[in-house]
Amino acid sequence: MCARAVVMFQPPVCRPDRTGCQRNSLILPLLLLLLLYSSLKAAQAAKPKGPGHTHLNSIRIDGDISLGGLFPVHARGHDGKPCGELKKEKGIHRLEAMLFALDRINNDNNLLPNITLGARILDTCSRDTHALEQSLTFVQALIEKDGTDVKCLGGGAPIITKPERVVGVIGASSSSVSIMVANILRLFKIPQVSYASTAPELSDNSRYDFFSRVVPPDTYQAQAMVDIVKAMRWNYVSTVASEGNYGESGVDAFIQKSREDGGVCISQSVKIPREPKQGEFDKVIRRLRENPNARVVILFANEDDIKRLLHAAKKANQTGHFIWVGSDSWGSKISPVVHQEEMAEGAVTILPKRQSIKGFDRYFISRTLENNRRNIWFAEFWENNFSCKLSRHAVKKGSGLKKCTNQERIGKDAHYEQEGKVQFVIDAVYAMAHALHSMHQELCPGKVGLCAKMDPINGTHLLKHIRRLNFAGIAGNPVLFNENGDAPGRYEIYQYQIRNGTPEYKIIGHWTDQLHLNVRSMQWPGGVRQIPSSICSHPCQPGERKKIVKGIPCCWHCERCDGYQYQADTYTCKMCRFDLRPNENHTGCVPIPIVKLEWSSPWAVIPVLIAVVGIMATLFVVVTFIRYNDTPIVKASGRELSYVLLTGIFLCYATTFLMISTPDVGICSLRRIFLGLGMSISYAALLTKTNRIYRIFEQGTMSVSAPRFISPASQLVITFTLASVQLLGVCIWFGVDPSKAIIDYEDQRTSNPVLARGVLKCDISDLSLICLLGYSMLLMVTCTVYAIKTRGVPETFNEAKPIGFTMYTTCIIWLAFIPIFFGTSQSTEKMYIQTTTLTISVSLSASVSLGLLYMPKVYVVLFHPEQNVPKRTRSLKAVVTAATMSNKFNPKAGLRPNGEAKTELCESLETQSFSTKQTYISYSNHAI
């Protein structure tokens, strides 16, 4: 018995490269583990092992060159146990695929002729730490062991078995395991080819320079999954990752690709711990349910976590709610969905493009306990696959298990379906074999078997040959690697469907740089054909803008572009131009309808009717006066000023037509001229009359001489002088601001754009209108003042009282006009109300003058001609004296209505010719 064993470790020399001598942070703890492990092995008595001899948790097959193998034969253990239940497909199928490939290669006379490949295959138990401990076996041969200090009790030299030298490693399956193992293998320059590890991190050639893989990295897979999500028009998804490099790197790659492509947002990003506690998966489901709109769940999780997650979802009664999109760790495996098929229905999974290898099917189906003793786990598989026990004592009553008869057959007595990664395991073994073959041809040309240059095999040289490979794999697909050791991205898209009660994985598309998806062949939970939705916010309706929720670009609130806004783009509402309004759905702007006062409008009919009647009446009076121009009453009314006054009245009526006509430059110019001119002429004539009466009687109280400027010619000059002031103001206005027609979009710009109208009108503002009518108002007020002053003149002598009544009535009309006109300035009917009010007010003013001043005279002329005869003429002195004395003798006369005085002295007056040299003035020649 040996006293002790001393193990001396010679650390390998670091390979210089661009980044210098790199050492991973895990090196020191790994070396300590190495020393401990090697010491224990050296202290043990070792015996030579024959071909096929099994080691604890490993398979050893002797050969000229040994390859390592890492497979998850068992699931992760619980409660402190390193290993759990057996994995039939992911473990045994893949392991047997390596054995199958080794058999084919060793029987191939063209590939590595006269060189036998051996193997050392280990169980990772789906745990990275356990895999690291197991993989130390691969580097034992590189550790120099010094046994000089080892003393045996018999005095003999210790026997130390030199382990086989592993030149390359096939595996591992899980990315986290591959990363852990790659960190130690690179220290000893042992190339590694994985058949299933897809973490993007492994593409870092500066850290994992001896790592290669025959499957594409998850960057391709993540892109394919993003393309699937976008093709389904899903934009709000959750992610679930198993803690570790594979899950976390895969989700990170998916999130990065979704951000680069845009249009996909993450609702929840949940991580499953390496050692999930009781209720951990229920907590995951609760988090996924927090946002019911995010129905799609992206899964980068290991097989065990997927199975437990589906079970938790089923327990939470979420069948049919979640749509799973699984990575290649799910692929087309049966084990994750066993007994929870309805929960997995509709799941879309992805798997590197593969084919079922019929040669492997024949090989595996033919495996029995007798011909497959080299696989130390095959007996456990046999019991698991056929639900039996090999030992009679292991069969318990009531357990439902039976004793194995060894007559059971795979595929006959139990279901068999080839696992999805079998092809890649075979390709990985063949890649290592082809690289060794290429290296042998280079270093040992023409020699049979290994030569001295390949003993030992240089790992760096072997890696170069691996990266140069380009051969047809077992399924006919090319096997090649890029500069990072990655295989090209080729995926098949599956969907888990239940048809007629039978669940199956159906190929629905493929991805090679771009997605090809047969959407029509897809079927969703409950057999529904319509694609389920997984969106944060529904698309906004036309005329609504998106208001993005901060930090979540796929979530938004829809805000209506209201008022005069239109949807300029997806996120912006803009105001329409002043002359436009939004269309019905607020997606653009359309011209605002133009309106004007139409002749058929009720607002126009009434003013026009009044104007037409007024014009006819005015023309009738004019014709009557012309017909009876030389009669006493016509003469007594002052023919010259009467015709001027009637002209002004006519213009007042005619203004109505200008105000209703369609505005243009000509119409607007005429409006400026005639709107105030007709009233100015009318009130100028009336002012001249009342002023003349006032001056005559005022002068008569002081002197019998006639006042100046009371002749007809003088009266006309005064009248036209007063009216010319109006014309002068209009001319100045034309010079300062030429007349034009405008479209006013503010008059009828209502809060509801549907009712908005542009008003075609002349550029006459309310202030301009006041200025335009202001002079006429001044004449009207002045005339009213004189009418009041002359109210005591005898009524049979002059027209003072009719003029007074006219002015009083006119003032009332315009006092009513002002509040109506300006009080409706904010009304949407402003154009109609103000135009109608103005035209009617002007027409009524003209009608009052026409009715009170001329209709009585026309009535007498036409119906009482006997009163229209010449009478005795009295002198002005007599008339004025009589009127003055009447007021003196009867002081209450001034209190009579309208200031009437007694007129007994003025019975009648005769008209006679006027002589400028006479001292007395006859009434007939100076009648008002």
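The coordinates are above.
Draft legend 1. Inspection of the pairing of strand β10 (residues 236–242) at higher detail. When you tally the buried positions in β10, you get seven out of seven residues, the bulk of the element. Side chains Y236, S238, V240 and S242 project from β10 onto one buried face, and the interleaved V237, T239 and A241 project onto a second face that is buried too. Sheet topology note: the β10/strand β11 (residues 265–272) ladder contains six bridges and is parallel. Pairing of V240 across the sheet is with V270, part of β11. Considered for its hand, the β-α-β crossover made up of β10, helix α6 (residues 245–261) and β11 is right-handed. Pairing of β10 with strand β12 (residues 296–300), which is carried by five bridges, proceeds in the parallel orientation. Bridge pairing in β12 places V237 opposite V296.

Draft legend 2. Structural view of unusual backbone geometry. Across the junction of G171 and A172, the peptide omega takes the value 5°, indicating a cis bond. Tracing the backbone through its elements, the reader meets A172 in the loop between β7 (166–170) and α4 (175–185). Looking along the chain, the bond that leaves D455 and enters P456 is cis, with omega of 0°. A positive phi angle is found at N317, which is not glycine, with a value near 60°. Relative to the elements of secondary structure, N317 occurs in the loop between α8 (303–315) and β13 (323–326). Classification of N317 as exposed rests on a relative accessible area of 65%. The backbone phi angle of N500 is positive, close to 55°, even though this residue is not glycine. Inspection of the secondary structure assignment puts N500 in the loop between β19 (491–499) and β20 (502–511).

Draft legend 3. Examining the packing of aromatic side chains more closely. Counted under the stated rule, the structure contains 22 aromatic pairs. For the ring pair F100 and Y363, a centre distance of 5.3 Å and an interplane angle of 45° mean the geometry is tilted. Taken as a pair, F100 in helix α2 (residues 88–106) and Y363 in helix α10 (residues 358–365) lie far apart in primary sequence, 263 residues in all. Y363 carries the same exposure label as F100, and that label is buried. Ring centres 5.5 Å apart and planes at 75° place the aromatic pair F625 and Y854 in the edge-to-face group. Separated by 229 residues along the polypeptide, F625 in helix α14 (residues 602–627) and Y854 in the loop between α21 (830–853) and α22 (855–863) bring together distant segments of the chain. The residues F625 and Y854 share a single accessibility class, namely buried. Members of the aromatic cluster, joined through ring pairs, are F100, F360, Y363, F364, F378, F381, W382, F386 and Y416. If you follow K546 out to its NZ or CZ, it ends over the ring of W556, 3.8 Å from the centre. The side chain of R749 reaches across the aromatic face of Y564, ending 3.9 Å from its centre.

Reading the values: the criteria
- Residues numbered from 1 in each chain as written.
- Predicted model: local features only at pLDDT ≥ 70, side-chain atom pairs only at ≥ 80, totals over all residues.
- Heavy atoms only, no water.
- Buried < 20%, exposed > 50% of the residue type's maximum accessible area, 1.4 Å probe, protein only.
- Helix = DSSP H or I, 4+ residues; strand = E, 2+ residues; numbered from the N terminus.
- Pairing = 2+ DSSP bridges.
- Right-handed = clockwise from strand over helix to strand, strands pointing away.
- Phe/Tyr/Trp six-rings, centres within 6.5 Å; stacked < 30°, edge-to-face > 60°.
- Lys NZ or Arg CZ within 6 Å of the ring centre and 35° of its normal.

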